[in-house]
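Listed below, chain by chain, are the residues.
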Amino acid sequence: ATMTALEKGLQWQRALDLFDEMKYKNMPVTVVSYGSAISACEKGYQWRQCLEYLDEMTERKIPKNVIIFGAAMSCMEKSCRADIAFQLMDRMNLEGVRPNVHIYNSAISACARCKLWKKGFELFKEMDDVGIKRDVVTYNAVLGKYLLLQPW
């Protein structure tokens, strides 16, 4: 709970320090504590640390879920690392975690932030192919960031 409060209060570095202290003291870390740490990474644009935490979860045999991947995708979006966001979507499939609308929205927004309009629109269309229903965030991302910004 303390880590989440620090992460939400934009004290991301303190949250990460607290998480590392938990691990150092061999306290049990769970998917929830990793989720808070990964969310803190997003606030501080710490995409490399985010990836390290995902790898640690694999090493510790802590299963990742769509919430963990969603936090990681948001970190990549904020850090303008669309390339890694695409890799995370592949990793989700390899680990048996089905992407949802939030995962796609983060990937589309990462494309917009990184000026990869064509790839963002491809993801928008792919949502139909994989049976993921678009929401208002999806449409706003495409309309607001692609149609208005893309050169005609």
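Thresholds, definitions, all that
- Residues numbered from 1 in each chain as written.
- Predicted model: local features only at pLDDT ≥ 70, side-chain atom pairs only at ≥ 80, totals over all residues.
- Heavy atoms only, no water.
- Axes fitted to C-alpha atoms, helices over the stretch in contact; angles between N-to-C directions.
- Helix = DSSP H or I, 4+ residues; strand = E, 2+ residues; numbered from the N terminus.
- Parallel < 35°, antiparallel > 145°, perpendicular 65-115°, else oblique.
- Left-handed = near helix turned anticlockwise from the far one by under 90°.
- Contact = heavy atoms within 4.5 Å.
- Salt bridge = Lys/Arg side-chain N within 4 Å of Asp/Glu carboxyl O.
- Buried < 20%, exposed > 50% of the residue type's maximum accessible area, 1.4 Å probe, protein only.

(A) Fine view of the packing of helix α4 (residues 47-59) against helix α6 (residues 82-94). Contact geometry for α4 and α6: axes closest at 12 Å, N-to-C directions at 15°. Judged by the inter-axis angle, α4 sits roughly parallel to α6. Crossing of α4 over α6 shows left-handed handedness. Facing W47, L51, L54, D55 and T58 of α4, the residues of α6 in contact are I84, L88 and R91.

(B) Region of interest: the pattern of salt bridges. In the structure shown here, the tally under the stated rule is ten salt bridges. As a salt-bridge pair, K25 and E21 come within 3.1 Å of each other at their nearest N and O atoms. E21 gets classed as partly exposed once you look at its relative accessible area, which sits at 37%. Here D83 and R81 are joined by a salt bridge, their closest N and O atoms 2.6 Å apart. The partly exposed category is assigned to R81, whose relative accessible area is 22%.

Nothing here speaks to function; it is geometry throughout.
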